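Each chain, written out:
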Amino acid sequence: MNIIVDLWHPAEVHFFKNFIWRMEDSGHQVLVTSRNKDVIVDLLDDYGIKHAILSTKGKGLLGLALELCQHNYKLLKLAKKFRPDVLIGFGGMSIAPVGRLLRKPSISFYDAEHATIIIKILTLPFITKMCTPSCYTDDYGKKHVRFNGYKELAYLHPDYYTPSEETLRKIGIAANEKYFVVRFVSWDSSHDINVKRLGLDDKKKLIQLLERFGKVFISAEDNLAPTDLQKYLLRIDSKDFMDIIAFSSLVISEGASVASEAAVLGIPTIYINNLNTSYLEEESNKYHLVEKIVDGKKLLLRVEEMLNNPNLKEEWKSKRKRLLEDKISVTEWTVNFINKIILPQEELAKGKGV
């Protein structure tokens, strides 16, 4: 089987890495395509995954639109030479139209309802299957396939991930030392328009409060932390970031992906963004692993309350245990799903099963 995996966001590298390795180990050919955004290229290189860079992140809506055109054109050219049996991606705005032009199945994963216009225009008319978590609120009809998990459980499920304390030494942290991770995002995606966020003063007060209880590390897209907070920037290989999350005492994130990653690892998590996603809503309302606070004053009060709770980490471990009992290994599900869809077509093409 020839498989194209198209990546647009760093979280997608994590999502697909185990799937890529599983399929390659089974003798399938996998072509990975990517773009220059944040740490996508660094992650792929660190994991030793060969890939073709098709575009660089555009600036503003016009820049993103132009990038999409360039990316899709190059993807089509590569695909014609590679002759894929299936195209796989997240969001599907490239694999869906290219798959239709090639008359090949395209399988998209998706988990955020806030880009429905893009999905409706660029993906749904052309995609073969749209796979989402079971908690996803939109319905895509016959093309829609639901799985009982989150994208983070493709790479942070215990079957595939065990955090390494070796990583802590790289940032000067001793075993059991208390530290916190704060994640800032660039706010330049199409879905970030008119989204409420913390102001600079609130961010500074947050860091000052956290410092009273332990070390603070800021993870920021494109190093976009405010100038006077640069000294807190986390400087580490991209592939080690999950380990830093896994041993932290509290994660506060503007980004939904990092918030969910911390949650499924059982780390106390506060999401400081009013952009809703169904998976964060479920992690918050059903499993109580994530709290959403955008107001600066309320955030500081809640952070102080949480950090004065001596049982905080044990409470979150118990919540995580319940989540893992409910959810599946998403990589395992993905491998089985792709094989179920594609392999019968290959047998038919060989004249079998007719």
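Rules used in this analysis
Residues numbered from 1 in each chain as written. Predicted model: local features only at pLDDT ≥ 70, side-chain atom pairs only at ≥ 80, totals over all residues. Heavy atoms only, no water. Helix = DSSP H or I, 4+ residues; strand = E, 2+ residues; numbered from the N terminus. Rg over C-alpha atoms; globule rule 2.2 N^0.38 Å. Buried < 20%, exposed > 50% of the residue type's maximum accessible area, 1.4 Å probe, protein only. Areas by Shrake-Rupley, 256 points an atom, 1.4 Å probe, with all protein chains shown as cover. Lys, Arg positive; Asp, Glu negative; His and termini not counted. Charge placed at Lys NZ, Arg CZ, Asp CG, Glu CD. Pairing = 2+ DSSP bridges. Axes fitted to C-alpha atoms, helices over the stretch in contact; angles between N-to-C directions. Contact = heavy atoms within 4.5 Å. Phe/Tyr/Trp six-rings, centres within 6.5 Å; stacked < 30°, edge-to-face > 60°. Lys NZ or Arg CZ within 6 Å of the ring centre and 35° of its normal. Salt bridge = Lys/Arg side-chain N within 4 Å of Asp/Glu carboxyl O.

Engineer: Hey, could you run me through the overall build of the protein in this one?
Structural biologist: A count of helices and strands for the protein gives 13 helices and 12 strands. Here the C-alpha atoms of the protein give a radius of gyration of 21 Å, agreeing with the 20 Å that 2.2 N^0.38 yields for 354 residues. By principal-axis analysis of the C-alpha atoms, the protein measures approximately 70 × 45 × 40 Å. Per-residue burial for the protein yields a buried fraction of 55% across its 354 residues. For the protein, the accessible surface area stands at approximately 16,000 Å², while carbon and sulfur atoms represent 51% of it. Positive and negative side-chain charges of the protein, numbering 50 and 46 respectively, have mean locations separated by a distance of 5 Å.

Engineer: Please clarify how the sheet that holds strand S6 (residues 129-133) should be interpreted in this entry.
Structural biologist: Through backbone hydrogen bonds, the strands of a sheet pair up, either in parallel or in antiparallel fashion. Taken in spatial order, the seven strands line up as S3-S2-S1-S4-S5-S6-S7 in an open sheet, and their pairing is parallel. The open sheet is flanked by strand S3 (52-56) and strand S7 (144-147), the only strands paired with a single partner. Looking at each pair of strands side by side, their axes are set apart by 20° on average, direction ignored. Across three bridges, the pairing between strand S5 (residues 106-109) and S6 is parallel. Each residue of the ladder has a partner; that of Ile107, found in S6, is Lys129.

Engineer: Can you walk me through the sheet that holds strand S10 (residues 250-253) in this structure?
Structural biologist: Within the open sheet, the five strands sit side by side as S9-S8-S10-S11-S12. Their pairing is parallel. Only two strands of the sheet have a single partner each, and these edge strands are strand S9 (215-220) and strand S12 (290-292). Within the sheet, the average angular offset between the axes of one strand and its neighbour, ignoring direction, is 20°. Pairing between S10 and strand S11 (residues 269-271): three bridges, direction parallel. Residue pairing for S11: Val251 is matched across the bridge by Thr269. Where helix H9 (residues 256-264) meets the sheet, it contacts strand S8 (179-184), S10, S11 and S12, and its direction lies at approximately 160° from that of S11.

Engineer: Just checking my understanding: could you explain the packing of aromatic side chains for this structure?
Structural biologist: Any two aromatic rings considered together are summarised by their centre-to-centre distance and by the angle between their planes. Taken as a whole, this structure holds 14 aromatic pairs when the rule is applied. Ring centres of Tyr136 and Tyr140 lie 5.7 Å apart, and the angle between their planes is 50°; this geometry places the pair in the tilted category. Summarising the burial analysis for this pair, Tyr136 and Tyr140 share the class buried. An aromatic cluster is built from Phe15, Phe16, Phe19, Phe90, Phe109, Tyr110, Tyr136, Tyr140, Phe147, Trp333 and Phe337, whose rings are joined through pairwise contacts. Lying over the aromatic face of Phe184, Lys203 brings its terminal NZ or CZ to 4.3 Å of the ring centre. Directly above the ring of Trp316 sits Lys319, whose terminal nitrogen or CZ lies 3.4 Å from the centroid.

Engineer: What exactly am I supposed to notice about the pattern of salt bridges here?
Structural biologist: Opposite charge on two side chains permits them to pair, given that their charged atoms come into close proximity. Within the structure shown, the criterion is met by 16 salt bridges. We note a salt bridge from Lys37 to Asp38, for which the minimum N-O separation is 3.1 Å. A relative accessible area of 7% means that Lys37 is categorised as buried. Given a relative accessible area of 22%, Asp38 falls into the partly exposed group. Put simply, Arg212 and Glu304 hold a salt bridge, and the shortest N to O gap is 3.0 Å. A residue pair is termed long-range when its members are at least 10 positions apart, and Arg212 in the loop between helix H7 (200-211) and S9 and Glu304 in helix H11 (residues 296-307) qualify at 92 residues. When its relative accessible area of 56% is taken as the criterion, Arg212 is described as exposed. On the accessibility criterion, Glu304 (29% relative accessible area) is partly exposed. Look at the salt bridges and you will find they share partners, linking Asp111, Lys151 and Glu152 into a network.

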